[in-house]
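Overview (structure and organization)
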Amino acid sequence: MHRDPYTLTLTVLHDAGARFLIVGGVAAMLHGLNRLTADIDLVIDLAESEARKVVEALLAAGFVSRLPVDPCDFAIAGIRNQWVNTKGLRVLSFHHPDHPGFAVDLFADPPMSFDRLLASAESRSMAGLDVLVCGLDDLIAMKEATGRQQDQSDVQRLRAIRTQRSNRNP
């Protein structure tokens, strides 16, 4: 078992051949923002077979859904959409008994589709793996849309990173 929950998460998803992109605070860090976070937010390919890979890989590694539902039902579009529309589900969150302060959050209804995010995703190295991270412009747009104070602070700092990048690469 990996001690680091980020390494555990990314390794089991990578080994399962899951299609996912890192968004949220970890994506901000991978783009150069100095910030802490205790979760990893993922946008996954929500096609049933692909979503099932993600959920089954997390369950096999010992992760547990924070909601009292069968997490495998997340892969079924009709059930997932019902959770979104009737329960207000934004993410299906998983925790691991060995890492109680850490969460893996899967977007149930991402603000941008997996394919849209994939088109501008960037490869980064994390936990010894090459992973796909949400592109900087998409990350800024996603964080702007939340209205949360932490995200608004991140947006300002991410825009500064974008400006620095464009100044280096005119």
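Residues numbered from 1 in each chain as written. Predicted model: local features only at pLDDT ≥ 70, side-chain atom pairs only at ≥ 80, totals over all residues. Heavy atoms only, no water.

This part covers the overall build of the protein. Along the backbone of the protein there are 7 helices and 7 strands. When the helices and strands of the protein are read in sequence order from the N terminus, they spell out α-β-α-β-α-β-α-β-β-α-β-β-α-α. In terms of its C-alpha atoms, the protein occupies a principal-axis envelope of roughly 50 × 35 × 30 Å. A fraction of 62% describes how many contacts in the protein between residues 6 or more apart in sequence connect residues 24 or more apart. Here the protein displays about 8500 Å² of accessible surface, and carbon together with sulfur accounts for 50% of that area. Measuring between centres, the 18 positive side-chain charges of the protein sit 6 Å from its 21 negative side-chain charges. (Helix = DSSP H or I, 4+ residues; strand = E, 2+ residues; numbered from the N terminus. Contact = heavy atoms within 4.5 Å. Areas by Shrake-Rupley, 256 points an atom, 1.4 Å probe, with all protein chains shown as cover. Lys, Arg positive; Asp, Glu negative; His and termini not counted. Charge placed at Lys NZ, Arg CZ, Asp CG, Glu CD.)

Let us now look at the nonpolar core. Formed by 53 residues in total, the largest nonpolar core has its most connected members in Leu13, Ile22, Ile40, Leu42, Leu58, Val104 and Leu106. The residues contacting leucine 42, other than those within four sequence positions of it, are Leu13, Phe20, Leu21, Ile22, Val23, Val104, Asp105, Leu106 and Phe107. (Core = buried A, V, L, I, M, F, W, Y, C linked by side-chain atoms within 4.5 Å. Buried < 20%, exposed > 50% of the residue type's maximum accessible area, 1.4 Å probe, protein only.)

With respect to the helices and strands, the residue leucine 36 is situated in the loop between α2 (24–30) and β2 (39–44). Overall, the relative accessible area of 81% leaves leucine 36 in the exposed class. Taking the C-alpha atoms as reference points, leucine 36 and arginine 19, separated by 17 residues in sequence, lie 25 Å from one another.

Taken as a whole, the largest pocket spans an internal volume of roughly 440 Å³. Taken together, 20 residues form the lining of the largest pocket, with Asp41, Arg90, Phe107, Thr146 and Arg148 sitting closest to its centre. Those elements giving two or more residues to the lining of the largest pocket turn out to be α2, β2, β5 (99–107) and α6 (136–146). If you tally residues by element for the lining of the largest pocket, the top one is α6, at 4 residues. (1 Å grid on protein atoms, 1.4 Å probe; cavity = no way out; pocket = protein on both sides within 12 Å on 5 of 7 lines; lining within 4 Å. Points joined across faces, edges and corners; volume = space filled by probe spheres on them.)

Tracing the backbone shows alanine 108 in the loop between β5 and α5 (114–119). As a C-alpha pair, alanine 108 and asparagine 167 span 59 residues in sequence and 36 Å in three-dimensional space. Sequence-distant contacts of alanine 108, that is, excluding residues within four places in its chain, are made with Leu46, Phe74, Arg80, Val84, Leu89, Arg90 and Val91.

So, about unusual backbone geometry. If you check the backbone angles, alanine 127 has positive phi at about 55° while not being a glycine. Note that alanine 127 resides in the loop between β6 (122–126) and β7 (129–133).

Attention now goes to helix α4 (residues 77–87). Turning to α4, its buried residues are Arg80, Trp83 and Val84. Buried positions in α4, seen along its axis, are confined to an arc of 95° and lie on one side of it. When the buried face of α4 is taken as reference, the exposed residues oriented beyond 90 degrees from it are Gly78, Asn85 and Thr86. Among the residues trailing α4, glycine 88 stands out with phi positive, at a value near 70°. (Arc of directions from axis to C-beta.)

Once that is clear, we can look at the environment of alanine 51. As for its placement among the helices and strands, alanine 51 is situated in helix α3 (residues 48–60). A relative accessible area of 0% places alanine 51 in the buried class. As a C-alpha pair, alanine 51 and arginine 19 span 32 residues in sequence and 8.3 Å in three-dimensional space. Filtering out sequence-adjacent residues up to four positions away, alanine 51 remains in contact with Ile44, Asp45, Leu46 and Ala75.

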